[in-house]
Amino acid sequence: MRAPKRGWPSTIIGIVLLGLMLFPVYWMVNVSLQPAGSALPGSWFPFHPDFSGYTTAIRDQGRNLVTSLVVALGSVLLSLALAAPAAYALAQFRVRGANLVVFGVLVTQMVPSIVVANALYSAYNDLGLLNSYLGLVLADSTTGVPFAIIVLRSFMQGIPQEIIEAARVDGAGRLRAFRSVVLPVSANSLITAALFTFLLTWSDFLFALTLNTTPAVRPITLGIYEYIGTHTNQWNATMATAVLASVPAAVLLGLAQRHVARGVTGGAIK
């Protein structure tokens, strides 16, 4: 039987909703290509694009973009290094209180970030981790690790026990079976967890604002925030910075779209 056609009304509604969601992105790109000025431009299309905003953005915010990239990649590596074995243990081993641990992981996702940031500030001040890459990586990992555990555990619960036992019969220990069997099978879920951890870290503002008191280590989110306050007469540079900050996330989403779809749905089917 043929599926019923939705008709033009549903298509029109979908196009309108898509246009509303994409309009801020369009306007951001449009303003970034306009000449510098103290007011937002009124033209709907940059017929004579001006790239001076991007030149200014790269000059002033290039270091902040690199800082965000270093912190985000560091958080991804640390989060996966901690979350993958933890998720495997909670999914495959008979650990007493495993459900309670998973519940605790879920509860940590409900704690407001400002509470964590204030607690970390006092600890970082004593440990000398303020205004450091390591401090931001550790702080952002407090969000990435719980999320990665939830995603990876859901997938690893569906891994057939037989393939792990076959590796053990061939002489592989628990660590070797985890490294050579479980991780390759869980590639899609690992990419999914890595991508969302990267996005959470890349868009972090609260930890960057709380744990940094000097310009030495300043992520791009904090750079844009301070950029608006000091360069309100250069909206093209401000929007150009926002466009540059959106590029890595957009590229990664495009490249990992297929893996993310499989990683999210993989744990739902056994």
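Shown above is the structure to which this text applies.
All values reported here derive from a predicted model rather than from experimental measurement.

Student: Got a minute to help me understand the overall build of the protein in this structure?
Tutor: Each helix and strand counted, the protein has eleven helices and zero strands in total. Helices (α) and strands (β) of the protein occur, in sequence order from the N terminus, as α-α-α-α-α-α-α-α-α-α-α. Each of the 270 residues in the protein was classed as buried or not, and the buried ones make up 39%. When contacts within the protein are restricted to residue pairs at least 6 apart in sequence, long-range pairs at least 24 apart make up 75% of them.

Student: Is there a simple way to think about the side chain of Gln-61 in this case?
Tutor: Of note, Gln-61 is situated in helix α2 (residues 52-92). In this structure the side chain of Gln-61 is engaged in a polar contact, spanning 2.5 Å, whose partner is the side chain of Asn-64. Non-local contacts of Gln-61, meaning those with residues more than four positions away in its chain, are made with Ile-220, Gly-223, Ile-224, Tyr-227 and Thr-241.

Student: Please explain the nonpolar core as it appears in this structure.
Tutor: As a rule of thumb, nonpolar side chains are buried together in soluble globular proteins. With 39 residues, the main nonpolar core has Leu-152, Met-156, Val-182 and Trp-202 as its most contacted residues. Elements supplying a minimum of two residues to this core: α2, α3 (98-108), α5 (133-156), α6 (161-169), α7 (174-185), α8 (187-202), α10 (220-230) and α11 (235-266). Residue contributions to this core peak at ten residues, all from α2. In this view, Trp-202 contacts Leu-65, Ser-68, Leu-69, Ala-72, Ile-220, Thr-221, Ala-245 and Pro-248; residues no more than four positions away in its chain are not counted.

Student: Teacher, can you tell me more about the packing of aromatic side chains here?
Tutor: The description of two aromatic rings rests on the distance between their centres and on the angle between their planes. For the coordinates displayed, the defined rule picks out eight aromatic pairs. By the ring-pair criterion, three or more aromatic residues cluster together here, those being Phe-23, Tyr-26 and Trp-27.

Student: What's the story with helix α4 (residues 113-127) in this structure? I'm lost.
Tutor: Residues lying three or four places apart along an α-helix face the same way, a consequence of the helix completing one turn every 3.6 residues. Between its first and last C-alpha atoms α4 spans 20 Å; for 15 residues at 1.5 Å apiece the expected length is 21 Å, and the two agree. Tucked into the core, α4 has its buried residues touching α5 and α9 (206-210). Immediately downstream of α4, the backbone of Gly-128 shows phi near 75°, a positive value.

Student: Even after reading the chapter, I still don't get the packing of α2 against α8, so can you show me in this structure?
Tutor: A pair of packed helices is characterised by two quantities: the angle between their axes and the separation of those axes. The interhelical angle for the contact between α2 and α8, taken along N-to-C directions, is 140°, at an axis separation of 9 Å. Relative to α8, the element α2 lies oblique. The way α2 lies across α8 gives a crossing that is right-handed. Residues Leu-65, Ser-68, Leu-69, Val-71, Ala-72, Leu-73, Ser-75, Val-76, Ser-79, Leu-80 and Ala-84 of α2 pack against Leu-190, Ala-193, Ala-194, Thr-197, Phe-198, Thr-201 and Trp-202 of α8. Looking at the contact of α2 with α8 residue by residue, the class counts come to 13 nonpolar, five polar and no charged.

Parameters and conventions
- Residues numbered from 1 in each chain as written.
- Predicted model: local features only at pLDDT ≥ 70, side-chain atom pairs only at ≥ 80, totals over all residues.
- Heavy atoms only, no water.
- Helix = DSSP H or I, 4+ residues; strand = E, 2+ residues; numbered from the N terminus.
- Buried < 20%, exposed > 50% of the residue type's maximum accessible area, 1.4 Å probe, protein only.
- Contact = heavy atoms within 4.5 Å.
- Polar contact = N/O pair within 3.5 Å; in protein donor to acceptor, adjacent residues only side chain to side chain.
- Core = buried A, V, L, I, M, F, W, Y, C linked by side-chain atoms within 4.5 Å.
- Phe/Tyr/Trp six-rings, centres within 6.5 Å; stacked < 30°, edge-to-face > 60°.
- Expected span 1.5 Å × (residues − 1).
- Axes fitted to C-alpha atoms, helices over the stretch in contact; angles between N-to-C directions.
- Parallel < 35°, antiparallel > 145°, perpendicular 65-115°, else oblique.
- Left-handed = near helix turned anticlockwise from the far one by under 90°.
- Nonpolar A, V, L, I, M, F, W, Y, C, P; charged D, E, K, R; others polar.

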